[in-house]
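# Structural description and commentary
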Amino acid sequence: MNDRKTSLKPTRRPTIADVAEAAGVSRTTVSHALNDRGQVDPRTRERVKTIAASLGYRPNLRAQRLRTGRSNCIALLSSMPFAVAGGPSRLGFMMEIAATATEAALKQGLALVLVPPMREARGLLDELDIDGAVIIEPVANDPQVEQLQRRGLDVISIGRQPAMSRALPYVDLQGGATGRLLLDHLRHQGARQVALLIGGQPRHSYVDVERTYREFCDELGMACLIAKADEAGGEAAGGAACRALLAKHPEIDAICAPVDAFAVGAVAALQSLGLSVPDDVMVATRYDGLRARSCTPPLTAVNLHLEEVSRLAIELLFEHISDKDGRAVVRAPAAELIARESTRAG
């Protein structure tokens, strides 16, 4: 019986020096070829990449970080509470953006950290090893934005940050145009008195749609009826605001509630009052998510093309991280109405 022990040594990891020796070029040439930098003959560049692949060469990320000062990691965050951004299922606006943003970030060689909208998470923002951040629909003077900017990090937003002396680069969600799409639909469906139910926080999606709603009412000579609810209250806050509206203005026959949580809460409140949706009061919302589709009746909503929005946001942040002449604004695709039973869709 052979009781000799075989010593297994780990295979040595190929280095940039090994690639340079095999290719017969300098280490600098290898570095430039693999990172698509510098003046390297295209044939040499391709040969170096082929040799590196055949040797199983992988860049040393620790050394790369020491050299570039970058972590190749970014954060996605929002100040919207889960009651609005996710809800009980945790599947909502923020998570839909996160799913696509993660893939888009990887294509740029970046990892993405999802920072949940929790008070405790703010304490981590000074410790996260990130190169920049995407923030979803920040409020005016959002403390998370200020905290990240104090660290000297690049920050861009999905949706314009209102009331800023120095605006963040942002993906324009065209909040006013989207609001008008919903309002015009309700009017075309026969609504005579449309009310607006929005959040009380200063976000672009509330600020822009309120301005559009006021213009809409002026054009039609319609009474301007606006209720504002606290995002943290979610569906319950939307329901309470709806009841208060109807108590003062029983003539309301349509509610535009851009926040899907508020819209679902409004439907529940109307039904508890013995009113039919849509026969007595129509309800429309902005985000076409799980809430809108599973509501009874299903809610008329809007396709915001969030996959494209997420991709545009990651590209915009990458531009600014890479010290390029990053754009200030990128326009998202125009929203498309998805008419359903809540507004007598056909």
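Residues numbered from 1 in each chain as written. Predicted model: local features only at pLDDT ≥ 70, side-chain atom pairs only at ≥ 80, totals over all residues. Heavy atoms only, no water.

Among the 6 residues of strand β6 (residues 194–199), 6 are classified as buried, and the element is accordingly described as predominantly covered. Judged from the 3 bridges that link them, β6 and strand β8 (residues 254–256) form a sheet pairing that is parallel. Following the sheet pairing, V194 is matched in β8 by A254. Pairing of β6 with strand β7 (residues 225–229) involves 5 bridges; the strand directions are parallel. Residue A195 lies in a different strand from β7, and its bridge partner there is L225. For the handedness criterion, the β-α-β arrangement of β6, helix α9 (residues 204–220) and β7 is classed as right-handed. (Buried < 20%, exposed > 50% of the residue type's maximum accessible area, 1.4 Å probe, protein only. Helix = DSSP H or I, 4+ residues; strand = E, 2+ residues; numbered from the N terminus. Pairing = 2+ DSSP bridges. Right-handed = clockwise from strand over helix to strand, strands pointing away.)

What follows covers the nonpolar core. Core analysis: the biggest nonpolar cluster contains 80 residues, and V194, L197 and I255 have the highest contact counts within it. If one sorts the elements of this core by residue count, helix α13 (residues 306–321) sits on top with 9 residues. Residue contacts for V194: discarding those within four places in its chain leaves L183, L186, Y213, F216, M222, A223, D253, A254 and C256. Counting 14 residues, the second largest nonpolar core, distinct from the first, contains L128, I130, I135 and L168. (Core = buried A, V, L, I, M, F, W, Y, C linked by side-chain atoms within 4.5 Å. Contact = heavy atoms within 4.5 Å.)

In this section: the sheet that holds strand β10 (residues 300–303). Here we have 6 strands laid out as an open sheet, ordered β7-β6-β8-β9-β10-β12, and mixed in their pairing. Edge positions in the open sheet fall to β7 and β12 (336–338), since each of these has one partner strand only. Going from strand to strand, the sheet's axes swing by 25 degrees on average, the running direction of each strand aside. Helix α8 (residues 175–188) rests against β6, β8, β9 (282–287), β10 and β12 of the sheet, and its axis sits at about 160 degrees to β9. Each of β6, β7 and β8 touches helix α10 (residues 234–248); the most contacted strand, β7, lies at about 150 degrees to it. (Axes fitted to C-alpha atoms, helices over the stretch in contact; angles between N-to-C directions.)

Time to look at the confidence of the model for the chain. Model confidence for the chain is summarised by a mean pLDDT of 87, while 88% of its residues fall at 70 or above. Ranking the helices and strands of the chain by mean pLDDT puts β8 first, with 98, and helix α4 (residues 61–68) last, with 50. Below pLDDT 50 for its whole length, residues 1–10 participates in 0 contacts with residues either more than four positions away or in separate chains. (pLDDT = per-residue confidence, 0-100.)

Bringing the pairing of β10 into the picture now. Bridge count for β9 against β10 is 2 bridges, and the pairing is parallel. Looking at β10, one finds that Y287 is bridged to V302. Where β10 and β12 come together, 3 bridges link them in antiparallel fashion. Across the sheet, residue N303 finds its bridge partner in β12, namely E336.

So, on to the environment of K107. Tracing the chain through its elements places K107 in helix α6 (residues 93–107). A C-alpha to C-alpha distance of 9.7 Å links K107 and I314, two positions 207 residues apart in sequence.

Here we take up helix α2 (residues 27–34). Among all positions in α2, only V30, S31 and A33 are buried. For α2, the angular spread of the buried residues around the axis is 165 degrees, confining them to a single face. Where α2 is buried, its residues touch α1 (16–23) and α3 (42–55). (Arc of directions from axis to C-beta.)

What follows concerns the environment of Q201. Counting through the fold element by element, Q201 comes out in the loop between β6 and α9. Excluding its chain neighbours within four sequence positions, the residues that come into contact with Q201 are V139, Y206, A229, D230 and E231. At 3.0 Å, the side chain of Q201 and the side chain of D230 are in polar contact. (Polar contact = N/O pair within 3.5 Å; in protein donor to acceptor, adjacent residues only side chain to side chain.)

Okay, the packing of α1 against α3 next. At a minimum axis separation of 9 Å, α1 and α3 run at an interaxial angle of 125 degrees. Relative to α3, the element α1 lies oblique. In this structure, α1 crosses over α3, and the sense of that crossing is right-handed. Along its contact with α1, which presents D18, V19, A22 and A23, the element α3 presents R47, V48, I51, A52 and L55. Its residues assigned to classes, the contact of α1 with α3 shows 7 nonpolar, no polar and 2 charged. (Parallel < 35°, antiparallel > 145°, perpendicular 65-115°, else oblique. Left-handed = near helix turned anticlockwise from the far one by under 90°. Nonpolar A, V, L, I, M, F, W, Y, C, P; charged D, E, K, R; others polar.)

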